[in-house]
Amino acid sequence: EAQVTQNPRYLITVTGKKLTVTCSQNMNHEYMSWYRQDPGLGLRQIYYSMNVEVTDKGDVPEGYKVSRKEKRNFPLILESPSPNQTSLYFCASSLGGASYGYTFGSGTRLTVV
Amino acid sequence: DQQVKQNSPSLSVQEGRISILNCDYTNSMFDYFLWYKKYPAEGPTFLISISSIKDKNEDGRFTVFLNKSAKHLSLHIVPSQPGDSAVYFCAASRGGGYQKVTFGIGTKLQVIP
């Protein structure tokens with residue numbers, strides 16, 4: 001089944017403790033992206049990648065890092081999480097990029113206390 | 001500055017009738033517009049898109065209309081079904097390899113049986 005898999009689905013962590021949210025797609029898509037969803041703010045793009053080793057900032061990249069060492073994986077790294085990073089995170093992938101539509105994962109709900 | 005605006009947070013429609021979801025944008029550089037549907041506890045699902053060179057795109061029960069001069073687009077669902085009850089996000093991007101995507105805050109559609 002074609003899908004984007006994120007792990008974990010739920011995570012509660014403490015301020016300052018480094019964490020990684022993994023994302024993997026099995027569709028051989030070149031484009032991948034991370035979003036966060038917050039009440040009243042909709043979905044905001046954090047980072048995107050156009051291919052292996054090619055990444056760029058979205059609208060809200062502060063406090064996040066990404067890497068794209070393999071085509072299928074695009075992990076999101078929070079080096080020092082803070083409470084304002086409590087959010088619902090989505091990873092997505094696309095064959096043709098933003099104008100072609102993205103396939104989204106099921107989401108990771110992160111709480112930073 | 002909200003570049004993609006969905007001014008109606010919610011909409012209720014009777015089953016079988018037309019649902020019209022609206023979206024306004026401010027950035028005249030946007031070239032592609034997309035609609036996503038999101039059920040609770042799931043990631044968004046791509047529905048339909050339109051490029052700025054068209055004014056209408058149809059896919060089954062879903063039609064998107066674009067009015068470039070008014071910077072306005074709308075999604076029509078005919079006939080509406082209870083399974084269409086979800087949050088609908090409007091999104092826009094510039095195309096041409098530009099991979100930033102801007103989402104609206106969403107409109108919650110309820111289709112009443």
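Residues numbered from 1 in each chain as written. Chains lettered and ligands numbered in written order. Predicted model: local features only at pLDDT ≥ 70, side-chain atom pairs only at ≥ 80, totals over all residues. Heavy atoms only, no water.

Enquirer: Summarise the pattern of salt bridges; cite the residues concerned and give the values.
Expert: All names here are of chain A. Inspection of the entire model under this criterion finds 7 salt bridges over all chains. Put simply, D38 and R36 hold a salt bridge, and the shortest N to O gap is 2.8 Å. Here D38 and R36 have matching classes, each one buried. Between D38 and R44 there is a salt bridge, and its shortest N-O distance comes to 2.9 Å. Judged by relative accessible area, which is 25%, R44 ranks as partly exposed. Linked through salt bridges whose partners overlap, the residues forming this network are K18, K65 and E79. (Salt bridge = Lys/Arg side-chain N within 4 Å of Asp/Glu carboxyl O. Buried < 20%, exposed > 50% of the residue type's maximum accessible area, 1.4 Å probe, protein only.)

Enquirer: Can you break down the interface of chain A and chain B residue by residue, with the values?
Expert: Frequently, the measure chosen for interface size is the accessible area that the parts lose on association. Between chain A and chain B, the contact holds 24 residues from the first and 21 residues from the second. Surface buried jointly by chain A and chain B totals about 1700 Å² across both partners, of which 58% is contributed by carbon and sulfur atoms. Considering only the side of chain A, the residues that lose the most area to chain B are L43(A), A98(A) and S99(A), jointly responsible for 30% of the buried surface there. At the boundary of chain A with chain B, the tally comes to 1 salt bridge. Among the salt bridges present, the one from K100(B) reaches D59(A), with a minimum N-O distance of 3.9 Å. Remark: the boundary between chain A and chain B carries 3 residue pairs in polar contact (both at pLDDT 80 or more). At the level of secondary structure, the elements contributing two or more residues to the side of chain A that touches chain B comprise β4 (31–38) and β5 (42–51) of chain A. Among the elements that make up the side of chain A that touches chain B, the one with the highest residue count is β5(A) (5 residues). Looking at side-chain class alone, the side of chain A that touches chain B contains 11 nonpolar, 10 polar and 3 charged residues. (Contact = heavy atoms within 4.5 Å. Buried area = accessible area lost by both parts, 1.4 Å probe. Polar contact = N/O pair within 3.5 Å; in protein donor to acceptor, adjacent residues only side chain to side chain. Helix = DSSP H or I, 4+ residues; strand = E, 2+ residues; numbered from the N terminus. Nonpolar A, V, L, I, M, F, W, Y, C, P; charged D, E, K, R; others polar.)

Enquirer: Got a sec to walk through the pairing of strand β5 (residues 45–51) of chain B? Specific residues and values, please.
Expert: All names here are of chain B. For β5, a buried count of 5 out of 7 residues is recorded, marking the element as mostly surrounded by other parts of the structure. Two strands pair when backbone bridges link them, and strand β4 (residues 32–38) and β5 are joined in this way by 6 bridges, in the antiparallel orientation. Paired with K37 across the two strands is T45, which belongs to β5. Once β4 ends, the chain turns through 6 residues before running back antiparallel as β5, passing A41 with a positive phi of about 65 degrees. (Pairing = 2+ DSSP bridges.)

Enquirer: Describe the state of the cysteines, naming the residues involved and giving the relevant values.
Expert: Every disulfide links exactly two cysteines, by a covalent bond between their sulfur atoms. As enumerated under the stated definition, the model contains 2 disulfides over all chains in all. The disulfide bridge from C23(A) ends at C91(A), spanning 1.8 Å between sulfur atoms. With the S-S dihedral at roughly -75 degrees, the linkage between C23(A) and C91(A) falls on the left-handed side. On the criterion of sequence distance, the pair formed by C23(A) in strand β3 (residues 19–25) and C91(A) in strand β9 (residues 87–94) is long-range, its members being 68 residues apart. Judged by its relative accessible area of 2%, C23(A) is buried. The class of C91(A) is buried, set by a relative accessible area of 0%. Between the sulfur atoms of C23(B) and its disulfide partner C90(B) the distance amounts to 2.0 Å. Taking the sign of the S-S torsion, -75 degrees for the link of C23(B) and C90(B), the bridge is left-handed. With C23(B) in strand β3 (residues 19–25) and C90(B) in strand β9 (residues 86–95), this residue pair connects regions lying 67 residues apart in the sequence. Here the two residues C23(B) and C90(B) agree in accessibility, since each one is buried. (Disulfide = S-S within 2.5 Å.)

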